[in-house]
Amino acid sequence: MPRLAIYPGSFDPPTLGHRDVAQRASRLFDGVIVAIGANSLKTNLLSVEDRLRALASCFEDLPNVQVKAFDGLLVDYARSEGAAFIVRGLRAVSDFDYEFQVSMANDQLAPEIETVLLMTSWEYSYVSSTIVREVFRLGGDLSGFVPPSVIKIMESARNP
Ligand code: PNS
């Protein structure tokens, strides 16, 4: 059985840290689905279509990584894809509380699905989509935060 993992997130926009986590997951699993989930608590900068394009541009060199979007519960989506693993990235201890809580909830809902927390490279420990959105809004240089292909998609979303 191929070992398939879902790497879910809002990816609004995808950052160098997200790419780093997906790359690590692609070495651990036979296949990785990077999946955009709706998070109703967040206001989106990029549409789902733009995020799909941005993510696809990040993983062109990783043949075992696919990019998709889902609605509803993550564990239902993971089951529908036949994935036995959920991957999430940890930048610092401050991420742990939330990830621990969500992984316990997911474990309660779907005990057969294992959550795997991967540490992001230290270089990206400060990078978040929230910070990227703020720097973008204020016209700052995004090159240390997101891949060049994502900057292009963000700029064309601002000036269609
Ligand atoms: O990048 P984010 O915003 O931390 O990603 C959050 C996401 C999309 C992974 C999360 O909101 C999610 O899994 N949403 C689907 C609904 C769900 O299953 N929630 C977890 C059970 S409480």
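Above this note sits the structure.
Residues numbered from 1 in each chain as written. Predicted model: local features only at pLDDT ≥ 70, side-chain atom pairs only at ≥ 80, totals over all residues. Heavy atoms only, no water.

### Describing the overall build of the protein chain
Okay, step 1: Secondary structure summary: the protein chain contains 6 helices and 5 strands in total.
Okay, step 2: Order of helices (α) and strands (β) in the protein chain, N terminus to C terminus: β-α-β-α-β-α-β-α-β-α-α.
Okay, step 3: Expected size for 160 residues packed as a compact globule is a radius of gyration near 15 Å; at 15 Å, the protein chain falls within 12% of this value.
Okay, step 4: On the principal axes, the C-alpha backbone points of the protein chain span a range of 45 × 30 × 30 Å. (Helix = DSSP H or I, 4+ residues; strand = E, 2+ residues; numbered from the N terminus. Rg over C-alpha atoms; globule rule 2.2 N^0.38 Å.)

### Some points on the packing of aromatic side chains
Okay, step 1: For the coordinates displayed, the defined rule picks out 5 aromatic pairs.
Okay, step 2: Seen in terms of ring centroids, phenylalanine 96 and phenylalanine 100 are 5.6 Å apart; in terms of plane orientation they differ by 35°. Their pairing is tilted. Residue phenylalanine 96 and its partner phenylalanine 100 are located together in helix α4 (residues 93–109), separated by 4 residues, close to a single helical turn.
Okay, step 3: Both rings, one in tyrosine 126 and one in phenylalanine 145, keep their centres 6.0 Å apart while their planes meet at 75°; by these two values the pair is edge-to-face. Highlighted residues: tyrosine 126 in the loop between β5 (114–119) and α5 (129–137) and phenylalanine 145 in the loop between α5 and α6 (148–158), separated in sequence by 19 residues.
Okay, step 4: The class of tyrosine 126 is partly exposed, set by a relative accessible area of 46%.
Okay, step 5: If you follow arginine 158 out to its NZ or CZ, it ends over the ring of phenylalanine 136, 4.0 Å from the centre. (Phe/Tyr/Trp six-rings, centres within 6.5 Å; stacked < 30°, edge-to-face > 60°. Buried < 20%, exposed > 50% of the residue type's maximum accessible area, 1.4 Å probe, protein only. Lys NZ or Arg CZ within 6 Å of the ring centre and 35° of its normal.)

### What about unusual backbone geometry?
Okay, step 1: Residue aspartate 12 is joined to proline 13 through a cis peptide bond whose omega torsion reads 0°.
Okay, step 2: We note that phenylalanine 11 has phi near 50°; this positive angle belongs to a residue other than glycine.
Okay, step 3: Summarising the element assignment, phenylalanine 11 is placed in the loop between β1 (4–9) and α1 (16–28).
Okay, step 4: Overall, phenylalanine 11 belongs to the buried group, its relative accessible area being 2%.

### Comments concerning the nonpolar core
Okay, step 1: Counting 32 residues, the largest nonpolar core has Tyr7, Val34, Phe59, Val87, Leu142, Val146 and Met154 as the members making the most contacts within it.
Okay, step 2: Secondary-structure elements contributing two or more residues to this core are β1, α1, β2 (31–37), α2 (48–58), β4 (85–90), α5 and α6.
Okay, step 3: Leave out the neighbours within four places in its chain, and tyrosine 7 touches His18, Val21, Ala22, Val32, Ile33, Val34, Ala35, Val87, Arg88 and Gly89. (Core = buried A, V, L, I, M, F, W, Y, C linked by side-chain atoms within 4.5 Å. Contact = heavy atoms within 4.5 Å.)

### Considering the environment of glutamine 23
Okay, step 1: Structurally, the position occupied by glutamine 23 is in helix α1.
Okay, step 2: Classification of glutamine 23 as partly exposed rests on a relative accessible area of 25%.
Okay, step 3: Separated by 35 residues in sequence, glutamine 23 and cysteine 58 have C-alpha atoms that sit 9.9 Å apart.
Okay, step 4: If sequence neighbours within four positions are ignored, glutamine 23 has contacts with Asp61 and Leu62.

### Some remarks on the sheet that holds strand β3 (residues 65–70)
Okay, step 1: In spatial order, the strands read β3-β2-β1-β4-β5; together these 5 strands make up an open sheet with parallel pairing. Each edge of the open sheet is held by one strand with a lone partner, namely β3 and β5. Sheet twist, expressed as the mean angle between neighbouring strand axes with direction ignored, is 30°.
Okay, step 2: The strands touched by α1 within the sheet are β1, β2, β3, β4 and β5, with β5 carrying the most contacts at an inclination of about 125°. (Pairing = 2+ DSSP bridges. Axes fitted to C-alpha atoms, helices over the stretch in contact; angles between N-to-C directions.)

### Details of a nonpolar patch on the surface
Okay, step 1: Judged by side-chain polarity, Val93, Phe96, Phe100 and Met104 come together as a nonpolar surface patch covering roughly 410 Å² of accessible area.
Okay, step 2: Looking at the secondary structure, you find methionine 104 in helix α4.
Okay, step 3: Of the residues examined, methionine 104 reaches a relative accessible area of 42% and is grouped as partly exposed. (Patch = residues over 30% accessible without salt bridge, like charges linked within 9 Å, V, L, I, M, F, W, Y side chains within 5 Å. Areas by Shrake-Rupley, 256 points an atom, 1.4 Å probe, with all protein chains shown as cover. Salt bridge = Lys/Arg side-chain N within 4 Å of Asp/Glu carboxyl O.)

### Here's the deal with the packing of α2 against α6
Okay, step 1: Where α2 meets α6, the axes come as close as 9 Å, and the angle between the chain directions of the two elements is 160°. In terms of their interaxial angle, α2 and α6 are classed as roughly antiparallel. The interaxial crossing formed by α2 with α6 has right-handed handedness. Contacts between α2 and α6 involve Asp50, Arg53, Ala54, Ser57 and Cys58 from the former and Ser149, Val150, Ile153, Ser156 and Ala157 from the latter.
Okay, step 2: Its residues assigned to classes, the contact of α2 with α6 comprises 5 nonpolar, 3 polar and 2 charged. (Parallel < 35°, antiparallel > 145°, perpendicular 65-115°, else oblique. Left-handed = near helix turned anticlockwise from the far one by under 90°. Nonpolar A, V, L, I, M, F, W, Y, C, P; charged D, E, K, R; others polar.)

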